[in-house]
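Each chain, written out:
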Amino acid sequence: MADRLTGVGRLLVSLAIAGAIVVATWVGYRHYTEHYAVTTDADGLAVARVVAGRLYGSNELRVSHLSGTVQSTAATTRMFGWLKYVRLIKAPYDVDYFVALGSLRPRDFRYDERRRTLLVEVPDVVVGTPNVDESRVTLDTTSGVLPTRAAMAELQKRVSAKATDVVAAKAREPENLARARDNGRAALERLFAGTLEAAGLPVRVEVRFAGEPRPDNRDRWDMTRSLDEVLGNSR
C-alpha cells in the first residue's frame, strides 16, 4: 500500500513538473514572439502590424488635458570621450489628468439636509503617462563626427527619456495640478448634479478632493450623517 501511495506521489510530482515546463515554455515563446520575432511578407520583407493588444476596463474619468511642445537634449561619447555626440529635438506632447472613481464608497458622500447639498470626497487627481509624439518633431539635430548606429540608438533612448521626464515635471507643477483639480471639480459636480436632477432630486453638489481641508465652520456643514444613513432613513 505504501509503495502504491509512493508511486502516486511520484506521478503527481512528475505531472506538476511537466505542467510547469509547458507553462514556462508557452510564456517564453509568447514573450519572444511579442518582443523579438519579426513578421515578414511573402517576399521576406518586414511588415507593419500590431503584434499584441490587450483591452482593459477603466473606471477613471479624464478631467483635464495638457499639451504643448517639449525641447529635449541628450549626449554620449565614444573613443574614451574623444568623440562627443549631442542630439536636440523639439516635439509636441500631451498628458492627461484622471480621477479614479472606482474607489468611491458610500462613506465618501455626505448630505447636508438643511442646505440640500451633497458633499462628495473623491481621490486626488492623478497625472497620466506623458506622450511625446516624436513622429511630428519640428527640430531634430545631431552634432558630432559621423555618429555610429549604436551612438544614434543610445541618443534616441536618452533624448526620449529626458523629454518624458521634462513633460512629467511640467504636468506636476502646482499651478497645473490646481487647474486640473478645478476642471475635475467642475466636471464631477456637473456629473453628480445631473444624475440627481434626472432622478428628480434637485440637490446642490460640492466636490472635495482627498487631502483638501474640510470647512472650518461646523455650522456650515451637517456632516454627522453618511449617505447610507440618509438613504436608510428614507426607506
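To be clear, the structure that these remarks concern was listed above.
This text gives an overview of the structure that appears in the document. (Residues numbered from 1 in each chain as written. Predicted model: local features only at pLDDT ≥ 70, side-chain atom pairs only at ≥ 80, totals over all residues. Heavy atoms only, no water.)

On to the sheet that holds strand β3 (residues 109-112). With mixed pairing, three strands are arranged side by side in an open sheet as β3-β4-β8. Of all the strands in the sheet, just β3 and β8 (204-209) have a single pairing partner and so form its edges. With strand direction ignored, the average angle separating the axes of adjacent strands in the sheet is 20 degrees. As defined by bridge partners, strand β4 (residues 117-122) adjoins β8 across six bridges and the pair is classed as parallel. Of the residues in β8, the one forming a bridge with Val122 is Phe209. (Pairing = 2+ DSSP bridges. Helix = DSSP H or I, 4+ residues; strand = E, 2+ residues; numbered from the N terminus. Axes fitted to C-alpha atoms, helices over the stretch in contact; angles between N-to-C directions.)

A few words on the pattern of salt bridges. For the structure shown, the criterion picks out ten salt bridges. We note a salt bridge from Asp140 to Arg87, for which the minimum N-O separation is 2.7 Å. Note that Asp140 is positioned in strand β7 (residues 139-143) and Arg87 in strand β2 (residues 83-100), a separation of 53 residues in sequence. The class of Asp140 is partly exposed, set by a relative accessible area of 39%. Classification of Arg87 by relative accessible area gives buried; the value is 8%. For the salt bridge of Arg181 with Asp124, the shortest nitrogen-to-oxygen distance reads 2.8 Å. (Salt bridge = Lys/Arg side-chain N within 4 Å of Asp/Glu carboxyl O. Buried < 20%, exposed > 50% of the residue type's maximum accessible area, 1.4 Å probe, protein only.)

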